[in-house]
Amino acid sequence: MPHEGGKLGTLRILLVEDSPEDAELLADQLLEAGLEAEFERVDSEQSLRAALEVFCPDIVLSDLSMPGFSGYQALRVVRASDANLPFIFVSGTMGEETAVKALQDGANDYILKHHPTRLPAAVLRAVRDSRAEIERQQVENELMRAQRLESLALLAAGLSHDLRNILQPLLIVPDLLNGRTDDPQLRQLANVVAECGRRGHEMAESMLSFVRGSNKPREPVSIASLFQAVQLLLKSSLPQGVQLQLEGSDGDMAIEANYTELQQCLLNLGLNALQAMPDGGVLTLSAAAHDAEHVRLSVADTGVGMSEATLARLFSPFFTTKPDGTGLGLISCKRIVESYGGSIKVESRQGAGTRFDLILPVRSGGQVAADVEAPVALGRGQRILLVDGEATRLSLLGNALSSQGYQPQLAADGAAALQYAQQGVLPDLVIVDSDIILLSAVSLLLTMQELGYQGPAIVLEDVGAPLQREHFPSDIAVHVLRKPLEMRRVFRAVAHALEADA
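Residues numbered from 1 in each chain as written. Predicted model: local features only at pLDDT ≥ 70, side-chain atom pairs only at ≥ 80, totals over all residues. Heavy atoms only, no water.

A. Up close: helix α2 (residues 20–32). Between its first and last C-alpha atoms α2 spans 18 Å; for 13 residues at 1.5 Å apiece the expected length is 18 Å, and the two agree. Along α2, the positions that sit buried rather than exposed are A23, L26, A27 and L30. Buried residues along α2 cover an arc of 95 degrees about the axis, so they all sit on one side. Residues E21, E24 and E32 are exposed on α2 and point more than 90 degrees away from its buried face. Where α2 terminates, the next one or two residues include G34, which has phi positive at roughly 105 degrees. (Helix = DSSP H or I, 4+ residues; strand = E, 2+ residues; numbered from the N terminus. Expected span 1.5 Å × (residues − 1). Buried < 20%, exposed > 50% of the residue type's maximum accessible area, 1.4 Å probe, protein only. Arc of directions from axis to C-beta.)

Right, here's the structure in full:
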């Protein structure tokens, strides 16, 4: 008993008792049992309310009957002040019906004064259970807050994308004006417009970064501590017949991440796994070294598994197989893992279960490389195939490149771009937006390679949606240019791509 009580530290025990002798006897019994404790006695409602506020007890032990004040009154006062504060009746006379009523009214336990041997164990259990419940509620509240932010992030992402498209001309047109006039007033106005465009883009990015929580502080996260917190949350949701197992989480393995984000990710995967086992099974959380620089966290179930069609759409926004699902959970997990420079892999077979592997670097991922600087050079009639579904940007880019001596060919989608390529006159450079329709940027370049194209390509990448560069054709030199576009960066990127291919 002394060792177990020591784990809880020094307990503050409030005694609601009209007899100083009985209160002293209770305190002696608890101290002799090995508890470390401080005691305070009250015997009225007024003194009880004051002690709850000033003494801040860890547990309340109350007599049932006192002159002018009853244990039931004390229980109501305590529950109105703190629903989680443990409350135990300690009475000389308590029948079975009275005991049942006490528990129904919110007491944690009851002890008879002439049989006090169970009191120390009851105190320890009540305090432990209370602290575990408080911790669970705190974690749940933090996770609910994080999930609300994730939903807002997806809405903000769409708004930010549309805003950037609307503001794009404010970055492109001023450069065109400056190149076509020597009027200082027009040049000054062009600079004002350009500055407004830059500030608008910065505001959109700031809004998106704030809602996404992409600037959340990172810290060393103990895998053992993380798994214990997730286990605590999942235990309250375990259906009958499902076992929860932890493997490889008892060492000193740690990663650098945001604790709440990773906890949200693992909890989401765990709850999905529980729903996939309606007839029972085993849910396993495991951790192991993936290689010298990465850790693998796994969430595996023995449930119904997924079809190939479901796997193909698993990380699509708003795709869900659950009637009450939002389709935001898995894409949120993917974004969290990739923000740390990691990856997420899925293995599943129908009838044989599913396994999610989170591959995370031991250290935080490096910074994105800056845009390649290259001197701006005028074109010499090189043919440039521009593929972009955003009509305003497509037109402005075409005009800008034409003013620099290039010959742009404009295509609003992948199919229109292929029509140019199939005419037998291949371009010297392809500029393609990553969001084109009908054909993806990868599919377009692969098809053009089959038609004989071997020149370079510039892919326009959205911030927050990094390209999977390994999927592009190996024989085509792919350069990446991040949106929003500024014409000086576009001209440098075009000159660099054509010069490198020369």
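Structure's up, so let's keep going.
B. A look at the environment of Q73. Among the structural elements, Q73 can be located in helix α4 (residues 71–81). Measuring from C-alpha to C-alpha, the distance between Q73 and E45 comes to 7.7 Å, with 28 residues separating the pair along the chain.

C. A look at the sheet that holds strand β3 (residues 59–62). Read across the sheet, 5 strands follow the order β2-β1-β3-β6-β7 without closing on themselves; strand pairing throughout is parallel. Either end of the sheet is taken by a strand with one partner, and the two such strands are β2 (37–42) and β7 (109–112). Each strand of the sheet is rotated relative to its neighbour by a mean of 25 degrees, with strand direction disregarded. Examined bridge by bridge, strand β6 (residues 87–91) and β7 share 4 bridges and lie parallel to one another. By the bridge assignment, S91 is partnered in β7 with L112. Across the face of the sheet, α2 comes into contact with β1 (11–16), β2, β3 and β6 while running at roughly 165 degrees to β2. (Pairing = 2+ DSSP bridges. Axes fitted to C-alpha atoms, helices over the stretch in contact; angles between N-to-C directions. Contact = heavy atoms within 4.5 Å.)

D. Layout of the sheet that holds strand β15 (residues 383–387). A sheet is described by the order of its strands in space; here 5 strands give the open sequence β16-β15-β17-β18-β19, paired in parallel fashion. Every other strand in the sheet has two partners, leaving β16 (407–411) and β19 (478–482) as the edge strands with one partner each. Across the sheet, the axes of successive neighbouring strands diverge by a mean angle of 20 degrees, strand direction being ignored. Where β15 meets strand β17 (residues 429–433), 4 bridges bridge the pair, whose relative direction is parallel. By the bridge assignment, L386 is partnered in β17 with I431.

E. How the structure looks around helix α15 (residues 487–501). With 15 residues, α15 extends 21 Å from end C-alpha to end C-alpha; this agrees with the ideal 21 Å at 1.5 Å per step. Those residues of α15 that sit buried are M487, R489, V490, F491, R492, A493, V494, A495, A497 and L498.

F. Structural view of unusual backbone geometry. Even without being glycine, C56 reaches a positive phi, approximately 50 degrees. Following the sequence through the fold, C56 ends up in the loop between α3 (45–54) and β3. For C56, a relative accessible area of 37% translates into the label partly exposed.

G. Just the packing of helix α12 (residues 391–403) against α15, in detail. α15 packs onto α12 with a crossing angle of 60 degrees between their chain directions and a minimal axis gap of 11 Å. The orientation of α12 with respect to α15, classified from their angle, is oblique. In the crossing of α12 with α15, the sense of the turn from one axis to the other is right-handed. In this structure, α12 uses L397, A400 and L401 to contact α15, whose residues at the interface are M487, V490, F491 and V494. Its residues placed into classes, the contact of α12 with α15 shows 7 nonpolar, no polar and no charged. (Parallel < 35°, antiparallel > 145°, perpendicular 65-115°, else oblique. Left-handed = near helix turned anticlockwise from the far one by under 90°. Nonpolar A, V, L, I, M, F, W, Y, C, P; charged D, E, K, R; others polar.)

H. Broad picture of the pattern of salt bridges. All chains considered together, the criterion is met by 12 salt bridges. For E45, the salt bridge is made with R49, and the minimal N-O distance between the two is 2.9 Å. Taken as a pair, E45 and R49 lie in helix α3 at a separation of 4 residues, close to a single helical turn. Judged by relative accessible area, R49 falls into the partly exposed class, the value being 46%. Residues joined by salt bridges that share partners form a network here, namely R12, D58 and R131. (Salt bridge = Lys/Arg side-chain N within 4 Å of Asp/Glu carboxyl O.)

I. Spatial organisation of the side chain of D301. By the secondary structure assignment, D301 is in strand β12 (residues 294–301). Buried charge D301 goes without a salt bridge, the closest partner of opposite sign being R355 at 11 Å. Here the side chain of D301 touches G303 through a polar contact of 2.8 Å, landing on its backbone nitrogen. Those residues in contact with D301, other than ones at most four positions away along the chain, are A273, A276, M277, V282, A352, G353 and T354. (Lys, Arg positive; Asp, Glu negative; His and termini not counted. Polar contact = N/O pair within 3.5 Å; in protein donor to acceptor, adjacent residues only side chain to side chain.)

J. The arrangement of the packing of aromatic side chains in detail. Applying the stated criterion to the full structure yields 2 aromatic pairs. Judged by centre distance (5.6 Å) and plane angle (65 degrees), the ring pair of Y72 and F89 falls under edge-to-face. Of this pair, Y72 sits in helix α4 while F89 sits in strand β6, and the two are 17 residues apart along the sequence. Each of the two residues, Y72 as well as F89, counts as buried. An angle of 80 degrees between the planes, with centres 5.1 Å apart, marks the rings of F87 and F89 as edge-to-face. Accessibility classification places F87 together with F89 in one group, the buried group. (Phe/Tyr/Trp six-rings, centres within 6.5 Å; stacked < 30°, edge-to-face > 60°.)

K. Spatial organisation of the state of the cysteines. All told, the structure shown has 0 disulfides when counted by the stated rule. C265 carries a free sulfur, and the closest cysteine sulfur to it, the one in C333, is 3.2 Å from it. C333 sits in the buried class, given a relative accessible area of 2%. (Disulfide = S-S within 2.5 Å.)

L. Local environment of the nonpolar core. Grouped together as the largest cluster of nonpolar side chains are 37 residues, with contacts concentrated most on L234, I255, L266, L269, L283, L297 and L358. At the level of secondary structure, the elements contributing two or more residues to this core comprise α8 (223–235), β9 (242–247), β10 (254–257), α9 (259–275), β11 (281–291), β12, α11 (329–339) and β14 (353–361). At 7 residues, the largest contribution of residues to this core is made by α9. Ignoring any residue separated from it by four or fewer positions in sequence, one finds L266 in contact with L226, F227, V230, L297, V299 and L358. Counting 23 residues, the second-largest nonpolar core is a separate cluster that includes L401, F491, A497 and L498. (Core = buried A, V, L, I, M, F, W, Y, C linked by side-chain atoms within 4.5 Å.)

Note that all results are geometric; they support no functional claim without further evidence.
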